[in-house]
There are 2 protein chains.
Amino acid sequence: MQVDLGTVFDATPGVTRDGLERLDERVTTAHERIEQGRRNNEPGYTALNLPDTVDITRIHDAVASFDDPTAILIIGIGGSALGAATLVNALGDDTAPVYVLDNVDPASISRVLESIPLSETVVNVVSRSGTTAETLANFLVVRDAMTEAGVDWTDRTIVTTGTDGNLRQLADSESLPALSVPEGVPGRFSVLSTVGLVVAALQGIALTDLMTGATDAAAELSGSLFETPAYAYGATTYALATRGARTNVMMPYAENLETFAEWFAQLWAESLGKDHRGQTPVRALGATDQHSQLQLYRAGPHNKVITLMRPRHRSPCPIPSTDLDGLSYLSGSDLGSLLDAEFEATEASLVDADIPTIRVEIDAVDAQSLGALLYEFEAACICYGELASVPTFTQPAVEWGKRATRGLLGDDELTETAAVTDKPTLRID
Amino acid sequence: MQVDLGTVFDATPGVTRDGLERLDERVTTAHERIEQGRRNNEPGYTALNLPDTVDITRIHDAVASFDDPTAILIIGIGGSALGAATLVNALGDDTAPVYVLDNVDPASISRVLESIPLSETVVNVVSRSGTTAETLANFLVVRDAMTEAGVDWTDRTIVTTGTDGNLRQLADSESLPALSVPEGVPGRFSVLSTVGLVVAALQGIALTDLMTGATDAAAELSGSLFETPAYAYGATTYALATRGARTNVMMPYAENLETFAEWFAQLWAESLGKDHRGQTPVRALGATDQHSQLQLYRAGPHNKVITLMRPRHRSPCPIPSTDLDGLSYLSGSDLGSLLDAEFEATEASLVDADIPTIRVEIDAVDAQSLGALLYEFEAACICYGELASVPTFTQPAVEWGKRATRGLLGDDELTETAAVTDKPTLRID
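Residues numbered from 1 in each chain as written. Chains lettered and ligands numbered in written order. Predicted model: local features only at pLDDT ≥ 70, side-chain atom pairs only at ≥ 80, totals over all residues. Heavy atoms only, no water.

## Some thoughts on the overall build of chain A
The criterion, for reference: Runs of H or I in DSSP of at least four residues are treated as helices and runs of E of at least two as strands, each being numbered from the N terminus. Put simply, the radius of gyration uses C-alpha atoms, and a globule should come to 2.2 Å times the residue count raised to 0.38. We call a residue buried when its accessible area falls under 20% of the maximum for its residue type, exposed when it is over 50%, and partly exposed in between, using a 1.4 Å probe and counting protein chains only. Between two residues, a contact is recorded if the distance between any of their heavy atoms is within 4.5 Å. Values of accessible area rely on a 1.4 Å probe in the Shrake-Rupley scheme; residue burial ignores everything except the protein chains shown.
Helix and strand content of chain A: 16 helices and 11 strands. Its C-alpha atoms give chain A a radius of gyration of 23 Å, near enough to 22 Å, the size a compact globule of 429 residues would have. Dimensions of chain A, computed from the C-alpha atoms along their principal axes, are close to 60 × 60 × 60 Å. A total of 429 residues make up chain A; the buried ones form 67% of that total. Partitioning the intrachain contacts of chain A with sequence separation of at least 6 by distance along the chain shows that 77% fall at a separation of at least 24. Of the roughly 14,000 Å² of accessible surface on chain A, a fraction of 43% belongs to carbon and sulfur atoms.

In structure tokens form, the structure reads like this:
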């Protein structure tokens, strides 16, 4: 990717060129820490080694027995679903549509089960621990629905899980194809592993191109933000956050990067949101959200940085000529040119209002560029985490709620459950 | 809807009970202003009169000629698309799937045009002015594709627009069914008008039930936040914003309210984001985002209020019993019960961390509850705008970018265009 920081110097909040150069000394230290973590395969840092460690052949072999599915069903949640969904949204096609069960809403699961031909569907169930409540509940429902429909679920299921636990035992006892979640790679950093790549392989996405992009990006990491797009992004968003940009809007101008913005939001929120710190990620979409969020971004509080992302190449779609009043400027243009004009106009309109923006460009939404982009945003996030001195790779704050949920469903007597039932109320009807 | 404010008093930021009672005096004044605006049909305020003024019969008549379409295509952007999309996501079914062209991405439009049978598709093109660049560009492309496919587009198109302009003239000259956008109703407040209801009618959604819900909600508006759920929500979020909750997370625990959160985000951002003020709306989804955003919400900066929304009734979906290790607590439960347990557990986990939350409950995701919900959130937003003294119904900050876009496409020599080309750069490759 290419990162353009040109507009952050005169913005409010902004960073001076001097400030960025001073920060670069800390980026050098952060880079050394990251390289050390990679060398020693430390938890988290080892995610940046995936381009070297992932076994593409094994993934292709595991999915080979499922020839020509009509539909693909991902059962996972959070990092166990978002990576694959990001790849499919960006690079997939409609030959075998991908459905994602990443919630436990009875209305949605019924709708999905009614939409897909179960006998021609491949199910990829993904949970490192094999005990994720939502994932296992959905899996039990889907398995049951298959059996009721006379489909042997053991013929249609591929498992991605840890080296032990429920799902691993099930895979062993039922001889299901099973792939291992790599050790030390948190879910939100796992897109370039078995977790993200199984469904990508089922969809025919070129895994080797993805990994080529990631490998090239890995080779580009250096000790200076001025030479490393990933660190330029991570360090600048960190600097802006400390100066008041508590929100980071990720606004790709490409619909097939919409899920990338969701993936980014998890990466950023779960990695950096701790110790009362962090930057709130906001998912947006250009040009659509110009007609929804831009009023706020331009004229609201100066507490944001807006990340504007686009591919340099788009497919053509000419706008037919017209004699409708006031539309001559569109005649003979192209939808992509209009979208690019809106991108540049929106950026300029934010700059005009002193709102900090960062421009991120990739060549095209293709496998190689996307592999690089995902890798670079992971490196950006880790760089931010080093600068902010937060434990980037943990997510302790979600445990409380998981315990309370189990307690409410009658698993145990838990202190968390009492807090739920003792909640104060002031109801307005 | 029912609003529960019980947890905001002990939160950080929080509001004291005394503070809320003092604020209620200002709510009384705000309500009087709103009622005056409604009586005089003033711009914006008149949106709250839609339950009395919208002509359902006329909408049904206009769509009557399109019997049994296979697909429905909305061409609009911002408030011209989000209302209809919200209704369809919540209440629609799959008999005639609805596609929304609310962007100008060549990759997406090609995909949509390949997916739908043009000869059996109804197109609803929506633009008040009849000159919205994205909408008209998409319309020109779709019209051309229909003609190329041998389909008479004039047989398949219904127009929603103002009383004059391009689209009105086109509707007149081609004898297209056409409905008028009501005067004085900004796009983001237009869901309960022709703008939102045409596609809802095409989908067979019960418009009368929607309007019954809205009418009932209108009758509930009173001069006290302690008696009016809409004002309870608007006034409390305003109070929290002034105390540091600069972000408002809208997190429904129902997938069919996901687009409602998008609709809310436009309502909140575009209405209140001005004069360097406003509250940044963040769209989330329970339970999914517990595995993505909850770490930040619970352990990140105390600059948020979390709105947790759910229906009280859900369809059943039993979880099959299992002997898998550690999952006995799920056996014999129901997906909906699990989702509700997660809702309550997440709320309690936020309360435990002193994060302000507001609980919003509706009976069910049905037409009557949704009509009320949409109306009440519009009233909540207007109430917030009155308390914050912002011009709720305008969106001046988006004009700059529109002019720059036209300039870039060669329409005129505009000063905005020069700003685009003069943008400073610092590119990191």
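## A closer look at the relation of the copies chain A and chain B
The condition is simple: For this overlay, a least-squares fit was computed on C-alpha atoms, restricted to residues scoring pLDDT of at least 70 in both copies.
Once turned by 180° and shifted 0.0 Å along the axis, chain A lies on chain B with an RMSD of 0.0 Å. Here the copies are linked by what is in effect a two-fold axis. Residue A:Val282 of chain A places its C-alpha closer to the rotation axis than any other residue of that unit, at 3.1 Å. Looking at the interface residues of chain A, 100% of them are also at the interface in chain B, so both copies use one shared face.

## Some details on the domain arrangement of chain A
For an interface, size is often stated in terms of accessible area lost upon the parts coming together. Residues and elements named next belong to chain A. Under the convention used in this document: In this document the domain limits rely on a domain assignment from an automatic tool or a database. As used here, buried area is the combined drop in accessible area, with a 1.4 Å probe, of two parts when they are placed together. Pairs of N or O atoms are called polar contacts if they sit within 3.5 Å, as long as, within protein, a hydrogen donor faces a hydrogen acceptor (for residues adjacent in sequence, only side-chain-to-side-chain pairs). Ten residues, namely Ala, Val, Leu, Ile, Met, Phe, Trp, Tyr, Cys and Pro, are considered nonpolar, four, namely Asp, Glu, Lys and Arg, are considered charged, and the remaining ones, Gly among them, are considered polar.
The assigned domain composition of chain A is domain 1 (2-35 + 213-388) and domain 2 (55-181). Between the C-alpha centres of domain 1 and domain 2 there is a distance of 32 Å. Contact residues are listed per partner, giving 14 residues for domain 1 and 10 residues for domain 2. The contact between domain 1 and domain 2 buries some 880 Å² in all, and 68% of this surface belongs to carbon and sulfur atoms. On inspection of domain 1 and its partner domain 2, the count reaches five residue pairs in polar contact (both at pLDDT 80 or more). When residues of the side of domain 1 that touches domain 2 are traced back to their parent elements, those giving at least two are helix 11 (258-272) and helix 14 (367-388). Among the elements that line the side of domain 1 that touches domain 2, the one with the most residues is helix 11, at six residues. Residue classes in the side of domain 1 that touches domain 2 are distributed as seven nonpolar, three polar and four charged.

## A short note on the packing of aromatic side chains
Note the threshold: Aromatic contacts are taken between Phe, Tyr and Trp rings whose centres are within 6.5 Å, Trp giving its six-membered ring; a plane angle under 30 degrees counts as stacked, one over 60 as edge-to-face, and the others as tilted. Each ring is checked for a lysine NZ or an arginine CZ that lies within 6 Å of its centre and within 35 degrees of its normal; such an atom marks a charge sitting over the ring.
Inspection of every chain in the model, using the stated rule, returns 24 aromatic pairs over all chains. Residues A:Phe264 and A:Phe377 carry aromatic rings whose centres are separated by 5.7 Å and whose planes lie at 90° to one another, so their mutual orientation is edge-to-face. Linking A:Phe264 in helix 11 with A:Phe377 in helix 14, this pair joins segments that are 113 residues apart in sequence. No difference in accessibility class separates A:Phe264 from A:Phe377, as the two residues are buried. For the pair B:Tyr45 and B:Phe393, a centre-to-centre distance of 5.1 Å together with 70° between the ring planes defines the contact as edge-to-face. Here the residue B:Tyr45 occupies a position in the loop between helix 1 (17-39) and helix 2 (50-53), and B:Phe393 occupies one in the loop between helix 15 (367-388) and helix 16 (399-408), the gap between them amounting to 348 residues. Within the aromatic cluster, the residues linked to one another by ring pairs are A:Tyr233, A:Tyr238, A:Phe260, A:Trp263, A:Phe264, A:Trp268, A:Phe377 and A:Tyr384. The positively charged end of A:Arg143 is found above the aromatic ring belonging to A:Trp153, 4.9 Å away from the centroid.

## Quick word on the state of the cysteines
One way to say it: the disulfide is the covalent bond shared by the sulfur atoms of two cysteines. Going by this rule: Cysteine sulfur atoms that pair up within 2.5 Å are treated as a disulfide.
Counting across every chain of the model gives zero disulfides over all chains. Considering cysteine sulfurs only, A:Cys383 is the nearest to A:Cys381, which forms no disulfide, with 9.7 Å between them.

## Focus on the interface of chain A and chain B
Using the following cut-off: Salt bridges, as used here, are contacts in which a Lys or Arg side-chain nitrogen is within 4 Å of a carboxyl oxygen on Asp or Glu.
With 135 residues of chain A at the interface, the matching set in chain B holds 135 residues. In total, chain A and chain B occlude about 11,200 Å² of area from one another, counting both sides; carbon and sulfur atoms represent 60% of this. Linking chain A with chain B are 10 salt bridges, by the criterion used here. The salt bridge involving B:Lys423 is made with A:Glu347; its shortest N-O contact spans 3.7 Å. Taken together, the links from chain A to chain B amount to 45 residue pairs in polar contact (both at pLDDT 80 or more).

## Here's the deal with the nonpolar core
Cut-off, in case you're wondering: Here, nonpolar core refers to any group of buried Ala, Val, Leu, Ile, Met, Phe, Trp, Tyr and Cys residues whose side-chain atoms link them within 4.5 Å.
A:Tyr297 and B:Tyr297 are the most contacted members of the largest nonpolar core, which totals 112 residues. Sorting elements by how many residues they give to this core places helix 6 (residues 133-148) of chain B first, with nine residues. If we skip the residues at most four places from it in the chain, B:Tyr297 touches B:Val249, B:Met251, B:Val282, B:Ala284, B:Lys304, B:Ile306, B:Leu350 and B:Ile355. Membership of the second largest hydrophobic core comes to 96 residues, among which are A:Val15, A:Ala214, A:Ala217 and A:Phe260.

## Re the sheet that holds strand 5 (residues 157-161) of chain A
Working definition: the strands of a sheet are paired by backbone hydrogen bonds and lie parallel or antiparallel to each other. All names here are of chain A. Rule in force here: Two strands qualify as a pair provided that DSSP identifies no fewer than 2 bridges between them. Here an angle of 0 to 180 degrees is reported between the N-to-C directions of two axes, which are lines fitted to C-alpha atoms, with helices fitted over the stretch in contact.
Read from one edge of the open sheet, five strands run 3-2-4-5-6, paired in parallel fashion. At either margin of the open sheet sits one strand with a lone partner, and together these are strand 3 (98-101) and strand 6 (178-180). Within this sheet the neighbouring strands show an average axis-to-axis angle of 15°, counted without direction. Inspection of the sheet shows strand 2 (residues 71-75) paired to strand 4 (residues 121-127) by five bridges, in the parallel sense. If you follow alanine 71 over to strand 4, its bridge partner there is threonine 121.

## Focus on the pattern of salt bridges
Within this structure, the stated rule accounts for 40 salt bridges over all chains. Where A:Asp94 meets B:Arg111, a salt bridge forms, and the shortest distance between an N and an O atom there is 2.7 Å. On the criterion of chain membership, the pair formed by A:Asp94 in the loop between helix 4 (82-91) and strand 3 and B:Arg111 in helix 5 (residues 106-115) is interchain, its members lying in two chains. On the basis of relative accessibility, which here comes to 44%, the residue A:Asp94 falls in the partly exposed class. Judged by its relative accessible area of 33%, B:Arg111 is partly exposed. Where salt bridges share partners, they join A:Asp4, A:Arg310, A:Arg312, A:Arg314, A:Asp340, A:Glu344, A:Glu347, A:Arg359, A:Glu361, A:Asp363, B:Lys423 and B:Arg427 into one cluster.

## What about the side chain of A:Thr194?
All names here are of chain A. Assignment of secondary structure puts threonine 194 in helix 8 (residues 194-202). Within polar-contact distance, the side chain of threonine 194 engages the backbone oxygen of serine 180 at 2.8 Å. Excluding residues within four positions of it along the chain, threonine 194 makes contact with Val54, Ile59, Thr160, Leu179, Ser180, Val181 and Pro182.

## Focus on helix 11 of chain A
Here is the rule: The span one expects for a helix is its residue count, reduced by one, times 1.5 Å.
The end-to-end C-alpha separation of helix 11 of chain A is 21 Å, in line with the 21 Å expected for 15 residues at 1.5 Å each. Taken across its 15 residues, helix 11 of chain A has 13 buried, putting it largely inside the fold.

## Some thoughts on the UniProt feature "active site" (unreviewed entry) in chain A
What counts here: UniProt positions are given in the numbering used here, feature names are shortened, and annotations may be inferred rather than shown by experiment.
Per the UniProt record, the feature "active site" (unreviewed entry) sits at A:Glu270, A:His302 and A:Lys402. Sequence-wise these annotated residues cover 133 residues; spatially they are dispersed, their C-alpha atoms as much as 35.5 Å apart. When its relative accessible area of 5% is taken as the criterion, A:Glu270 is described as buried. With near-sequence residues (within four places) excluded, A:Glu270 lies in contact with A:Arg188, A:Thr392, A:Thr394, A:Gln395, A:Val398, B:Gln290, B:His291, B:Ser292 and B:Gln295. A distance of 3.3 Å separates a polar atom in the side chain of A:Glu270 from a polar atom in the side chain of A:Arg188. Within the secondary structure, A:Lys402 sits in helix 15 (residues 399-408). The exposure class of A:Lys402 is partly exposed, given its relative accessible area of 35%.

## Details of the side chain of A:Gln2
Inspection of the secondary structure puts A:Gln2 in strand 1 (residues 2-4). Those residues in contact with A:Gln2 that sit more than four places away from it in its chain are A:Arg312, A:Arg359, A:Val360, A:Glu361, B:Arg427, B:Ile428 and B:Asp429.

## Looking at the packing of helix 4 (residues 82-91) of chain B against helix 15 of chain B
All names here are of chain B. Which entries qualify depends on this criterion: By convention, the crossing between two helices is left-handed when the near helix turns anticlockwise from the far helix through less than a right angle, and right-handed when the turn is clockwise.
Axis separation between helix 4 and helix 15 bottoms out at 11 Å; the angle between their running directions is 145°. Helix 4 and helix 15 meet at a crossing whose hand is right-handed. Contacts from Thr86, Leu87, Ala90 and Leu91 in helix 4 reach Ala367, Leu370 and Leu374 in helix 15. Looking at the contact of helix 4 with helix 15 residue by residue, the classes come out as six nonpolar, one polar and no charged.

## As for the pairing of strand 3 of chain A
Across four bridges, the pairing between strand 2 of chain A and strand 3 of chain A is parallel. Pairing of A:Ile75 across the sheet is with A:Leu101, part of strand 3 of chain A.

## Some thoughts on unusual backbone geometry
All names here are of chain A. With an omega of -5°, the peptide bond between threonine 12 and proline 13 qualifies as cis. Structurally, the position occupied by proline 13 is in the loop between strand 1 and helix 1 (17-39). Despite not being glycine, aspartate 275 has its phi angle at roughly 55°, a positive value. Summarising the element assignment, aspartate 275 is placed in the loop between helix 11 and strand 8 (280-283).

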